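One-letter residues, chain by chain:
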Amino acid sequence: MKYISLASVPLFAFGTLLTIGCTVSDSKPLADIDSDLWAKICDKATDANDAETYECDGFTIEIEARTADQAAADCVTGSDITWGGDCTFGDWVECNDWEPADYCVAEDPPAACTRLAECATAGAGA
């Protein structure tokens, strides 16, 4: 699992989210997901990863190794957001399943990530 932060929204890039689709509907509002369900989602959605280093033109990106337990704990901590707006679990899945094709080249994340950033901001005052 790679832990990447973008626009104050936790992004967790991992191989596949197919296993969590059977327990949470894509249409479920994020505001309706309680901490116990987030813990279950994070346990299923995260994996251990090895450390990785990307040498870019003039800078280095290092991704720390994480055990499965550390990755799940980071996911739970990152999901501790008061969600506003109309973001759904499907938005979260789409955004969190995204991984840049090349870490050294800036590219726009999916629209779901923008929606999540807006929903996290909308819920910040709640």
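Data block above holds the structure.
Parameters at a glance
- Residues numbered from 1 in each chain as written.
- Predicted model: local features only at pLDDT ≥ 70, side-chain atom pairs only at ≥ 80, totals over all residues.
- Heavy atoms only, no water.
- Pairing = 2+ DSSP bridges.
- Helix = DSSP H or I, 4+ residues; strand = E, 2+ residues; numbered from the N terminus.
- Salt bridge = Lys/Arg side-chain N within 4 Å of Asp/Glu carboxyl O.
- Buried < 20%, exposed > 50% of the residue type's maximum accessible area, 1.4 Å probe, protein only.
- Core = buried A, V, L, I, M, F, W, Y, C linked by side-chain atoms within 4.5 Å.
- Disulfide = S-S within 2.5 Å.

Enquirer: Go over the pairing of strand 3 (residues 52-56), please, and point to the residues and values.
Expert: Side-chain direction in a regular strand flips from residue to residue, so the side chains alternate between the two faces of the sheet. The pairing of strand 3 with strand 4 (residues 59-63) spans 5 bridges and is antiparallel. What sits directly across from C56, in strand 4, is F59. Turn length for the strand 3-strand 4 hairpin, with the two strands adjacent in sequence and antiparallel, is 2 residues, and the turn residue G58 shows positive phi of about 95 degrees.

Enquirer: Just give me the short version of the pattern of salt bridges, but keep the residues and values in it.
Expert: In this structure the tally under the stated criterion is 4 salt bridges. Note that R66 is salt-bridged to E64, the shortest N-O span being 3.5 Å. Exposure remark for R66: the relative accessible area of 21% places this residue in the partly exposed category. Taking relative accessible area as the criterion, E64 reaches 56% and is therefore assigned exposed.

Enquirer: Residues and numbers for the nonpolar core, please.
Expert: The biggest cluster of nonpolar side chains holds 19 residues, and the ones touching the most others in it are L30, W38, I41, W83, F89, W92 and L116. Looking at this core element by element, the count peaks at 5 residues for helix 5 (residues 111-123).

Enquirer: Can you break down the state of the cysteines residue by residue, with the values?
Expert: A covalent bond bridging the sulfur atoms of two cysteines is what the word disulfide describes. As enumerated under the stated definition, the model contains 4 disulfides in all. Between C87 and C119 runs a disulfide, and the two sulfur atoms are separated by 2.0 Å. Its S-S torsion of about 90 degrees marks the bond between C87 and C119 as right-handed, since a negative value means left-handed. With a gap of 32 residues between them, C87 in the loop between helix 3 (68-78) and helix 4 (89-96) and C119 in helix 5 connect regions that are remote in the sequence. Considered together, C87 and C119 belong to a single accessibility category, that of buried residues. There is a disulfide in this structure between C95 and C113, and the S-S distance comes to 2.1 Å. Disulfide C95-C113: the torsion about the S-S bond is 110 degrees, which places it as right-handed. Taken as a pair, C95 in helix 4 and C113 in helix 5 lie far apart in primary sequence, 18 residues in all. You'll find C95 and C113 in the same group, each marked buried.

Enquirer: Got a sec to walk through helix 4? Specific residues and values, please.
Expert: For helix 4, the buried fraction is high: 7 of the 8 residues fall into the buried class. Turning to helix 4, its buried residues are F89, G90, D91, W92, V93, C95 and N96.

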